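Results of the structural survey
One-letter residues, chain by chain:
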Amino acid sequence: MAEETFLSDDLLRQLVSVGEVDLLVGISSHDAVKTVGQVLRAIEQSFQQHFVRQRVVIVLLDGGEEREDTVIETIPETSEEKKVRVPGITSLRTIHRVTANFSTPPTAGIALRTILAVADLLRARACAVVSSSSSNLTADAIGNLLRPVYQEKFDFVAPLYTRHKYQGLLMRNLLYPVSRAVFGCGIREVFPAEWGFSGRLATYCLNTNVWHEEAIRAQPEAWMAITANCTDYRCCQVFLGEKSPPRKGSPGTDIVEVLRQTVGTLFWCIETQQQLWMDRDKLQPVPTFGPAYQLTSEPTDMDRHRIFEMFRSGVTDLEPILSSILDPETHAEIKRMVSLEEGKFRFKSDLWVRTLYDFAASYHHAVLNRDHIVQALAPLYRGMTHSFLVEHADSSPAEIEAANEMLCSEFEIQKPYLREKWKAKVEVKS
Amino acid sequence: MAPPRDSLWYKDAVIYQLHVRTFCDSNGDGIGDFAGLTQRLDYLQELGVTAIWLLPFYPSPLRDDGYDIADYTSVHPNYGTLEDFKTFLTAAHGRGIRVIIEMVVNHTSDQHPWFKEARSSRDNPKRDWYVWSETDTRYQGVPIVFVDTETSNWAWDPISKSYYWHRFFSHQPDLNFDNPEVFETVWEVMKFWLNLGVDGFRLDAVAFLVEREGTLCENLPETHAIIRNIRKRLDAAYPGTMLLAEANQWPADVRAYFGDGDEFHAAFHFPLMPRMFMAVKLEDRKPIVEILEQTPEIPEICQWFIFLRNHDELTLEMVTEVERDYMYDEYAMDKTMRINRGIRRRLAPLMNNDRRQVELLNGLLMSMPGTPIIYYGDEIGMGDNIYLGDRNGVRTPMQWNSALNAGFSVADPERLYAPVISNAVYGYQAVNVDAQERSEHSLLRWMKSLIAVRNAFRAFSRGTMQFLHPSNHRVLAYVRQFGEELVLVVNNLANSAQAVELDVQRYKGYVPIEMFGRNLFPRFGNVPYILTLGPYQFYWFQLRRI
């Protein structure tokens, strides 16, 4: 029974008043009360400028102590926002806003499930989820997420951003290459902060029995992206401009926590979606609207030496754990690297690929507590990051993109290695 | 005998708009006339209307459906004689029906003797009765009204070899109200009709009476001075008669025409009309609520006149570009249906002949603040003929029965001023007064009951309006109040059943009585009042403390 009534009566009463909609944008306010007002205004501007005729609703998930109304009212409209307004253009219909209140901040999984349920009940044709911390999200960007679904009948719209060449390294060196090689998923941002999807996909995901899984509670978006890309749903990517930097103190600044949430979820997807990838080798092409990538390269201050030291000490400290996870040959090679001077150290791409596949296979065989397996990846990821920073200190965006393409190919070439490791009989240490 | 003189009669009126030509032909010449109209007054009385607004019936070359007048104190021979008009007026008054006539004084026909004299010579005494210029560059930037046919507001007169000013068609030269003789002559014309007993005038195109360089030549202070002067004379000599402004402007601009209650008694609320259509198509109350909330207060004795359709196109002047595009896409996909900045269709075809939508719109018309105007034929759901050119498609003969020419005329069909509607859906065989009189559930019978209820409650005609704001935006709800009389109106604008929770806390203890069936509904209490409404359904509740 509880399964069928996870929406509150208060929310349901609000939905009765909204009725069927064409467009839905969901936003969770609990993690960024200071910017949610700006994001809400961007959504409303998007409706005012791009979707004046459509039936629209904004779904706000509020679980913080501070109510969103208070937040929104206290943030004055900036002069830039005023400029965005188009005189004489205004939505013909009421812009509905419904609020789902939670006593405590909802997890990402609960938030997405609620949004999907609302989309399903309101029979929304095109939906988007945006992050309340995306302070520089524009009305155009929201329009770009919704339009391919509403007008072009796509089912999943992943974002692409302008980034500094040192930003998004986890996505570029790990999440994208692994998901692309394993699932044939051509979506670069498999953990998007904002994305679009169809009502059809919303209903499918809502009715899939995953919502009590730990990985889904934390980061459901990758599962949704991979599910869409690997099944019959049409996916595309749209360029949204500059990505908002992670807020200080957010999980985005703690690499171990980030790995738990992202790589943990990715490994969970690999584990639970075997039927989607085991016999699959073809890359599912994803149409892209706008540039596929855009990198900037202004100088930044990064402490490479500290990253290297953290790599070295981490590998040393975690040796017993890594020995359980990694193939002996892979482990030996890594240990050899640790003894190198910083100037001579390079984490070669073929070793990085085997390392990742060893971790994925060990996660599958549950050779250790799976959470510990994922956390043990942290020093190795730092080693890879150090190598990247050194190798690409002077690289142009095109060179970085070419290197990334080569890394992806390496993952694809070595996919048989993953299959082999996956199917191997492994004795689990107690 | 004139109806009793309640000086605010125009606030309580339900007005029926018609053109004499279209209503009933008594002499078999194929054109409606005053004698025919007089024969049909019983029908209008039974319908429940309390006033008739007659479109221009003056002698005219009829190049703009009579808005090009060639003689202000006579009747076009097509429609009968002045005596016929007097007979009609007496008969209407005898049934308690008032009569409002058109007064088109911004311009005349170029066939009017005044203009003929004016153009005959630059020295003619009537020369200065019109607006002349040596060039066509004066009053630059003034908008052109009939953009489909006119390219300039100046026209070249080859006789006097100069340009004359016209805001409408080039065959309609504007009178020069800077000339006191023009004003006095116009007042004499008005007195002529007032002395016959007419109850009010609709002053056509009032915003354009005066021209000034560097302005849009609209809504000028000098125009207001003219109106005040007319009103002053009217109140002094003909109390109880009414002035109605035709100013297709935003309410804030029209507001000035009420003055301090010393200019017009009434004015059309043009922007409300397209928004009623828009709200139903959007299934969202936003357009209606927004425009009414933007509508300024008007003096106590003044009134807005509201309408769904009239003899012109469904004008889209008072909407934004986005709204206009939406209206075109939803109501006039076929470009033949479009003219100027509007849509030349009747109510029933606009609603795809959906009886529920037609009823909802009429329900809105009768319950919103203002005096409602019914365009002839819409009470039976008449169709239109968009292929007749200009706006003639909504001016076809009234459909009285299924006999020859819809009972409008005994002339040969070829002789009718316009063909009757004869298609399978809206044709006179299917849609006519006789058939609907005989059917208990016809639109006509329903309209009669609607008007009867409206006429029984002054809250509708004189009451204040207070919106309720239920969270369901598909539902438009408001309370009309006049003294102790309270009416709650709840409209479902959607094509699907809706549930709505109404906050009626301030009316706690009142019992709602459904006004058509007189059935009691549960008393209002402390909690939100829940109603469910079928597609396009509406309720009118009288609220009583019992």
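Residues numbered from 1 in each chain as written. Chains lettered and ligands numbered in written order. Predicted model: local features only at pLDDT ≥ 70, side-chain atom pairs only at ≥ 80, totals over all residues.

**Observations concerning the interface of chain A and chain B**
- At the interface, twelve residues of chain A touch 15 residues of chain B.
- Among the elements that take part in the side of chain A that touches chain B, helix α1 (residues 9-18) of chain A stands out by supplying three residues, more than any other.
- Residue composition of the side of chain A that touches chain B, grouped by class: four nonpolar, six polar and two charged. (Contact = placed C-beta atoms within 7 Å. Helix = DSSP H or I, 4+ residues; strand = E, 2+ residues; numbered from the N terminus. Nonpolar A, V, L, I, M, F, W, Y, C, P; charged D, E, K, R; others polar.)

**What about the pairing of strand β5 (residues 154-157) of chain B?**
Residue and element names in this part refer to chain B.
- Taken together, the four bridges between β5 and strand β6 (residues 162-165) define a ladder with antiparallel strand orientation. Each residue of the ladder has a partner; that of Trp154, found in β6, is Trp165.
- Hairpin connection of β5 to β6: four residues between the antiparallel strands, including Lys161 at a positive phi of 55°. (Pairing = 2+ DSSP bridges.)

**Some thoughts on the nonpolar core**
- Among the nonpolar cores identified, the biggest contains 175 residues, and Ile52, Leu244 and Ala267 of chain B are the most heavily contacted of them.
- Here this core takes eight residues from helix α10 (residues 272-282) of chain B, the largest share from any one element.
- Counting 122 residues, the second-largest nonpolar core is a separate cluster that includes Ala119, Ala124, Ala158 and Ile187 of chain A. (Core = buried A, V, L, I, M, F, W, Y, C linked by C-beta atoms within 7 Å. Buried ≥ 20, exposed ≤ 12 C-beta atoms within 10 Å, placed from the backbone.)

**Concerning the environment of Asp65 of chain B**
- If you trace the backbone, Asp65 of chain B turns up in the loop between β2 (51-54) and α5 (82-94).
- With 44 residues separating them along the chain, Asp65 of chain B and Arg21 of chain B place their C-alpha atoms 10.0 Å apart.

**A closer look at unusual backbone geometry**
Residues and elements named next belong to chain B.
- Of note, Cys217 is a non-glycine position whose phi angle comes to about 60°, a positive value.
- In this fold, Cys217 is placed in the loop between β7 (200-203) and α8 (221-237).
- For Tyr536, which is not glycine, the phi dihedral falls at a positive 55°.
- You can see Tyr536 is positioned in the loop between β20 (529-533) and β21 (538-545).

**Description of the environment of Ile43 of chain A**
All names here are of chain A.
- Assignment of secondary structure puts Ile43 in helix α2 (residues 36-50).
- Distance in space between the C-alpha atoms of Ile43 and Val182 is 35 Å, their sequence separation being 139 residues.
- Excluding residues that lie within four positions of it along the chain, Ile43 makes contacts with Val25, Ile58, Val130 and Ile142.

**Some words on the sheet that holds strand β4 (residues 132-133) of chain B**
- Taken in spatial order, the three strands of this open sheet run β4-β6-β5 (chain B), and their pairing is antiparallel. Because the sheet does not close on itself, it has two edges, and the strands there are β4 and β5 of chain B.

**Things to note about the domain arrangement of chain B**
Residues and elements named next belong to chain B.
- Structurally, chain B comprises domain 1 (9-105 + 179-454), domain 2 (113-165) and domain 3 (464-545).
- On a C-alpha basis, the centres of domain 1 and domain 3 stand 30 Å from each other.
- The set of elements that each furnish at least two residues to the side of domain 1 that touches domain 3 consists of α10, α11 (286-293), α14 (355-367) and α16 (443-456).
- Considering every element that reaches the side of domain 1 that touches domain 3, the biggest residue donor is α14, with six residues. (Domains from an automatic or database assignment.)

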